[in-house]
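# What the coordinates show
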Number of protein chains: 2
Amino acid sequence: MSTPTTVRNPSDLARVLPPDVSAATFDTAIGELIAALGEDGVHVDPELVGRYDDEFPVTGDLSFTASAVVFPATTEDVQEIVRIANRHLIPLHAISTGKNLGYGGASPRVAGSIVVHVGKRMNRILELNGKFAYALIEPGVTYFELYQAIQDAGLPLWIDAPDLSWGSIVGNILDRGVGYTPYGNHSLWKSGMEIVLPDGDLLRTGMGGLPGSNTWQLFAPSFGPQPDNLFEQSNFGIVTKLGIQLMGAPPAAETFQITFDNPEDLEAIIDLMLPLRINMAPLQNVPVLRNIFLDAAQVSRRSDWYTGEGPIPDDVVERMKAELNLGYWNFYGTVYGPPPVVEQYLQIIEGAFSQIPGSRFHTTRTRPHSADDRGAHTLHDRHRINTGIPTIEEANLMNWLPDGAHMGFSPLSAPDGADALRQFRMVKQRADEFSVDYAAQFVIGLREMHHISLLLYTKTDPAQRDKTLRLVHELIDEAAQNGYGEYRAHHAWADQVAATYSFNDNAQRRFNERIKDALDPNGILNPGKAGIWPARLRGRGL
Amino acid sequence: MSTPTTVRNPSDLARVLPPDVSAATFDTAIGELIAALGEDGVHVDPELVGRYDDEFPVTGDLSFTASAVVFPATTEDVQEIVRIANRHLIPLHAISTGKNLGYGGASPRVAGSIVVHVGKRMNRILELNGKFAYALIEPGVTYFELYQAIQDAGLPLWIDAPDLSWGSIVGNILDRGVGYTPYGNHSLWKSGMEIVLPDGDLLRTGMGGLPGSNTWQLFAPSFGPQPDNLFEQSNFGIVTKLGIQLMGAPPAAETFQITFDNPEDLEAIIDLMLPLRINMAPLQNVPVLRNIFLDAAQVSRRSDWYTGEGPIPDDVVERMKAELNLGYWNFYGTVYGPPPVVEQYLQIIEGAFSQIPGSRFHTTRTRPHSADDRGAHTLHDRHRINTGIPTIEEANLMNWLPDGAHMGFSPLSAPDGADALRQFRMVKQRADEFSVDYAAQFVIGLREMHHISLLLYTKTDPAQRDKTLRLVHELIDEAAQNGYGEYRAHHAWADQVAATYSFNDNAQRRFNERIKDALDPNGILNPGKAGIWPARLRGRGL
């Protein structure tokens, strides 16, 4: 990251301008934006703009600080914003609600970008269809809001919520987030998008291209190529409407927790898991395997256990396990169906994992949550998430450290015990070297695992922040050398991650650049996102 | 379609040249192709090239006739072919095996194109992985071949076969074909593609971009946008490798047939079906609803029933139903799981559809196939297809008429009784007007139906062919006026179908053209496919 044009600090709230844009040009653009959106739709006040800084900062400077924020109310507003940006070559950074903690939050990749907060005013549920089980939504709709609308309508539909439901559904899908029910692969369950292209043109994908069609949210393709997934993790357009298909509520569901004593059990856990998962039965949902720190952080603080320097010692970990009645690894999943099927599946799962010495099997019925049993907290919270009920309990993680934050390091792996153990050891060893706490979560799809490594630090402590940043930089390269790639990353290391996909002289990046230049010749939309730079700003070291 | 450069007839096998290409330039290109591929890799003999004509011709001229055919053996060969075509501005038409009956077969959209028969020599199964249940294949691998390889390896994996298994898996997926097991949405179950771009560059999508990764066939995206679906039904690249994920064989499976007496039962059938299907239980697979003509054509000929002019009279239809013990509509599906679950699901399904007066429920056990019960033929053939066993029995359809062929008219619809009935009446009424037999099949996904209307004609009868062509042209426009779009089409009406997606001045087509021009500036790859023309040939009326 280069130094931004202007440096701002709390006592000197000077303006941060985009690259190559003069103050006069910027002011002209702001004037045009006000003419289009009204005074209350355009903000340059540093205090307000500062709210769009990364909540979990990874640098101490203004590398990821915006110049302004705008609030479109309609698709036409978004088109007009894009046209103004094209005229003045001002980079835009579109967000839905701006969560995305650990990956940059609401902050732009290029300092001085104008944040287009699409979801601020565009937050309607345009359709909620009980018969065909889908919704058509605007970017501002949160998981909580869709859940509430479903309850209000009395429909037997479930949402598939991520760990924290306060954010935008559209934003989660576009950053390729995952959930935990059988609809956990969010990218698969979208159908139909309305997209403002970087030149202001308007595209509706799929059957939305056919006037009068009633299948826009039922069948994602149309005739010819299907571009929808081009708009995930990219800077090719601003999504203004999106269809999401919803799971029907099953007759019954029950959630289990299986605790495993030893870090080395990981290999056996994953190898036992795969045959139960790959056919979607009995492990029907996206189960998760979490280490003790992630579960402990839901109900306690680091200082409750240890106040010394360096990594938390083994004897303290043993005390955590004993007091919380948890394992080093804790596995959560939910089974669905008619009650007899639920019972049968639970028995199969319990039987399979009982082969690992020391494992203990619980369900929400056998282990109620109480003040005396804090270790049951996550079991009951996962039950809510896995049965379509939004929560924000996982935000407790931020209390583990004072002013707590985390950086996400998220390599993919095969659902293979040897791979899991190799990844775990790699991250654990490096994190211990850097004295960074590592809250681990393996999120398990049908044939792959997202290894979500949450590296915890105190965001107000520059030394902790800097070492965590260095740690992640090292991990990305070490992972790539072992054949592991990240599926998602903070924009601080987007270029680095993109570079690891190096086959044929980085063919993927070169392909993305060709698409970028074709759709966004002036390079105004979200430059640098996912390592994709437009021709105008490429190679500038921004 | 304009007149091709040169007209050829059986007694005058003159060369068909591509637009704007002189015989001398063409010969130079052929010379370069021979230098690259060897004499036996390049063919201009009209007899051999004629084998790539549409097996089910829709016009009587050479609108869709190739100039040459080439057989690459490696990805590098494909890259070299593309480079030669760029130098001489010669359109290419890439095929995997060249089936695709009813949608153009192996024939190119632009007369005089060189057919690149990728699958002829590139037909290896590069990997077959039992643990993670996937295969990595080249374009020439057929469903039969993959099935045989799985049997030879003794793996408990199923293929998801289309109606006819003689064709290429890659070709089926790229034209967005469907199958009938729970893995029936073929587009969803691919993971990882290797693609030669129109300028000869080589892209590997997903985790194939990361050297040393073992997850190329496990997780389809990588970091950043995912372009895979851009290469379905498009002319943006030539796929040379593709990963396909495979279903694990369940403990048991049973197939049922439910017959319904009256055409008007359609509405009730679909409305009863939806709640059983949308949650993937008890209707776990992609079921099909077929009309009497499609089933009768498996075991008899039209002339066995009727030799008069005009549509087949109602009393003859009644005789068919009685003699074959079939309904006007016949519904086929399969349930999977442990035997008690299979039994339970069959009971639910039988109970639900028994609400329709006159319906009869059979399974492969209650209705064995015998010479005395020809109406059981399709039940047993569907059982094979729905349990991962490839067949080509459905090819019997081509014997319904002498020199039988069909044109596919394939509109999408909601899985709604009213939509189904409206579509059926529309096609039936028009087909009766044109005296064309209409073999109907509704292929039922989770939230949509592919209404595959097979319009049957004698391909050697110009009058029959021409009226069927006119019929399809009328149906496309009539469907669009009612909000129904086609998901697939013969290239004779690709432009017409693409035009029906008319939202915002055909934003979809304009978007596709921008991608096309960025990736294929010389417009050499498959011009006109899915209505996408490169700048060089756009608006030429080719």
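Residues numbered from 1 in each chain as written. Chains lettered and ligands numbered in written order. Predicted model: local features only at pLDDT ≥ 70, side-chain atom pairs only at ≥ 80, totals over all residues. Heavy atoms only, no water.

## A look at the overall build of chain A
The cut-off we apply is this: Only runs of H or I of at least four residues qualify as helices and only runs of E of at least two qualify as strands under DSSP, and these elements are numbered from the N terminus. The globule rule is 2.2 Å times the number of residues to the power 0.38, and the radius of gyration it is compared with is taken over C-alpha atoms. The buried label goes to any residue with under 20% of its type's maximum accessible area, the exposed label to any with over 50%, and the partly exposed label to all in between, with areas taken from a 1.4 Å probe on protein chains only. Reported accessibility uses the Shrake-Rupley method at a 1.4 Å probe radius. Residues are deemed covered only where the shown protein chains occlude them. When charges are counted, Lys and Arg are positive and Asp and Glu negative, with His and the chain ends excluded. Taken as the charge location is NZ of Lys, CZ of Arg, CG of Asp or CD of Glu.
Assigned secondary structure in chain A consists of 15 helices and 19 strands. A globule of 542 residues ought to have a C-alpha radius of gyration of about 24 Å, and chain A, at 23 Å, matches this closely. Relative to its 542 residues, chain A shows a buried fraction of 66%. Carbon and sulfur atoms make up 50% of the accessible area of chain A, which amounts to about 17300 Å² in all. Taking the average location of the 45 positive side-chain charges in chain A and that of its 65 negative ones, the two points are 3 Å from each other.

## Some remarks on the interface of chain B and chain A
What counts is decided by this rule: The contact criterion used is simple: two residues touch if any of their non-hydrogen atoms lie within 4.5 Å. Note on terms: buried area is the combined drop in 1.4 Å-probe accessible area of two parts once they are placed together, counting the loss on both. Here a salt bridge means any side-chain nitrogen of Lys or Arg lying within 4 Å of a carboxyl oxygen belonging to Asp or Glu.
Taken together, the 85 residues of chain B in the interface contact 85 residues of chain A. Counting the surface lost from both chain B and chain A, the interface buries some 7100 Å², and carbon and sulfur atoms represent 61% of this. In this assembly, chain B and chain A are joined by eight salt bridges. D201 of chain A is the partner of R510 of chain B in a salt bridge, and the nearest nitrogen-oxygen pair spans 2.6 Å.

## Here we look at the environment of R51 of chain B
Residue and element names in this part refer to chain B. Quick reminder of the rule: In protein, a polar contact means a hydrogen-donor-capable atom and an acceptor-capable atom, both N or O and within 3.5 Å, with residues adjacent in sequence counting only if both atoms are side-chain atoms; elsewhere, any N or O pair within 3.5 Å suffices.
The topology assignment puts R51 in the loop between α2 (46-50) and β2 (68-70). Judged by relative accessible area, which is 56%, R51 ranks as exposed. For the pair R51 and V69, spaced 18 residues apart in sequence, the C-alpha separation works out to 9.8 Å. A polar atom in the side chain of R51 sits 3.3 Å from the side chain of E47.

## Here's the deal with helix α7 (residues 292-299) of chain B
Most of α7 of chain B is tucked away, with seven of its eight residues classed as buried. Those residues of α7 of chain B hidden inside the fold are in contact with β13 (288-291), α9 (314-324), β14 (329-337), α11 (377-386), β18 (437-444) and β19 (449-458) of chain B.

## Some words on the relation of the copies chain B and chain A
Note the threshold: The atoms used to superpose the copies are C-alpha atoms, taken from residues with pLDDT of at least 70 in both, and the fit is least squares.
Of the two same-sequence chains, chain B is brought onto chain A (RMSD 0.0 Å, axial shift 0.0 Å) by a rotation of 180°. One copy is carried onto the other by what is essentially a two-fold rotation axis. The rotation axis passes nearest to the C-alpha of A518 of chain B in chain B, at a distance of 3.0 Å. Looking at chain B, 100% of its interface residues are interface residues in chain A too, so the copies touch through the same face.

## Details of the sheet that holds strand β8 (residues 190-196) of chain A
The strands that make up a sheet pair up through hydrogen bonds in the backbone, lying either parallel or antiparallel. Residues and elements named next belong to chain A. Here is the rule: Note on pairing: DSSP must find at least two bridges between two strands before they are called paired. Each axis is a line fitted through C-alpha atoms, taken for helices only over the stretch in contact, and angles between the N-to-C directions span 0 to 180 degrees.
With antiparallel pairing, five strands are arranged side by side in an open sheet as β5-β6-β10-β8-β9. Only two strands of the sheet have a single partner each, and these edge strands are β5 (125-129) and β9 (202-204). Looking at each pair of strands side by side, their axes are set apart by 10° on average, direction ignored. Pairing of strand β6 (residues 134-137) with strand β10 (residues 238-245) involves four bridges; the strand directions are antiparallel. When the bridges of β10 are listed, Y134 appears paired with Q245.

## Details of the packing of aromatic side chains
Here is the rule we go by: Under the pairing criterion, centres of Phe, Tyr and Trp rings, with the six-membered ring standing for Trp, must be within 6.5 Å; the plane angle then separates stacked pairs below 30 degrees from edge-to-face pairs above 60, leaving the rest tilted. Whether a charge sits over a ring comes down to the Lys NZ or Arg CZ being within 6 Å of the ring centre and within 35 degrees of the ring normal.
One pass over the structure, following the stated rule, counts 26 aromatic pairs over all chains. Arranged with centres 5.9 Å apart and planes meeting at 15°, the rings of F256 of chain A and F361 of chain A form a pair that is stacked. Placement of the pair is F256 of chain A in strand β12 (residues 252-260) and F361 of chain A in strand β15 (residues 360-363), with a sequence separation of 105 residues. Note on accessibility: F256 of chain A and F361 of chain A belong to one class, buried. Measuring from centroid to centroid gives 5.2 Å for F331 of chain B and F353 of chain B, while their planes differ by 50°, and the two rings are tilted. In this pair, F331 of chain B sits in strand β14 while F353 of chain B sits in helix α10 (residues 339-353), placing the two residues 22 residues apart along the sequence. Judged by its relative accessible area of 0%, F331 of chain B is buried. Three or more aromatic residues joined by ring pairs make a cluster, and in this case those are F293, Y328, W329, F424, Y438 and F442 of chain A. Above the plane of the ring of Y180 of chain A lies R382 of chain A, whose end atom (NZ or CZ) is 4.4 Å from the centre.

## Digging into the domain arrangement of chain A
Residue and element names in this part refer to chain A. Put simply, the rule reads: Either an automatic procedure or a domain database provided the assignment from which the domain bounds are taken.
Its domain assignment divides chain A into domain 1 (10-117), domain 2 (125-248), domain 3 (252-489) and domain 4 (494-531). On a C-alpha basis, the centroid separation for the pair domain 1 and domain 2 is 25 Å. Domain 1 puts 12 residues into the contact, and the matching count from domain 2 is 21 residues. Here domain 1 and domain 2 share an interface that buries about 1100 Å² over both sides, 66% of which is from carbon and sulfur atoms.

## Some thoughts on the packing of helix α6 (residues 266-277) of chain A against helix α10 (residues 339-353) of chain A
All names here are of chain A. Applicable threshold: Our angle categories are set so that under 35 degrees counts as roughly parallel, over 145 as roughly antiparallel, 65 to 115 as roughly perpendicular, and the remainder as oblique. By convention the crossing between two helices is left-handed if the near helix lies anticlockwise of the far one by an angle smaller than a right angle, and right-handed if it lies clockwise. Under the scheme applied here, ten amino acids are nonpolar (Ala, Val, Leu, Ile, Met, Phe, Trp, Tyr, Cys and Pro), four are charged (Asp, Glu, Lys and Arg), and all others, including Gly, are polar.
Two elements in contact, α6 and α10, have axes separated by 10 Å at closest approach and are oriented at 150°. Overall, the two elements α6 and α10 adopt an arrangement that is roughly antiparallel. Crossing hand, α6 versus α10: right-handed. Taken together, the residues of α10 that come into contact with α6 (itself represented by I269, L272, M273 and L276) are I348, A352 and F353. Tallied by class, residues from the contact of α6 with α10 come to seven nonpolar, no polar and no charged.

## As for the environment of T65 of chain A
All names here are of chain A. Here T65 lies in the loop between α2 (46-50) and β2 (68-70). Under the relative-accessibility criterion, T65 is labelled buried at 2%. Of the polar contacts made by the side chain of T65, one reaches the side chain of D53; its length is 3.5 Å.

## So, the pattern of salt bridges
Evaluation of the coordinates by the stated rule reveals 77 salt bridges over all chains. D432 of chain B is the partner of K428 of chain B in a salt bridge, and the nearest nitrogen-oxygen pair spans 2.9 Å. Here K428 of chain B and its partner D432 of chain B are both found in helix α12 (residues 417-433), four residues apart, which amounts to about one turn of the helix. Close ionic contact of R510 of chain B with D505 of chain B constitutes a salt bridge, the shortest N to O distance being 3.8 Å. Residues participating in the shared-partner salt-bridge network are D163, R290, D295, R382 and E394 of chain A.

## Details of the side chain of T378 of chain B
Residue and element names in this part refer to chain B. For T378, the position within the fold is in helix α11. The class for T378 is buried, based on a relative accessible area of 3%. Dropping the residues within four chain positions of it, T378 is found in contact with R290, D295, Q298 and Y332.

## Observations regarding the sheet that holds strand β4 (residues 114-117) of chain B
Strand order across the open sheet formed by four strands is β1-β2-β4-β3 (chain B), with mixed pairing between neighbours. The two strands at the open ends of the sheet, each matched to only one other strand, are β1 (42-43) and β3 (92-95) of chain B.

## Considering the pairing of β10 of chain A
Consecutive side chains of a regular strand alternate in pointing toward one face of the sheet and then the other. Residue and element names in this part refer to chain A. The element β10 is largely enclosed, with a buried count of eight among its eight residues. In terms of strand pairing, β8 meets β10 through five bridges, oriented antiparallel. Note that in β10 the partner of K190 across the bridge is I244.

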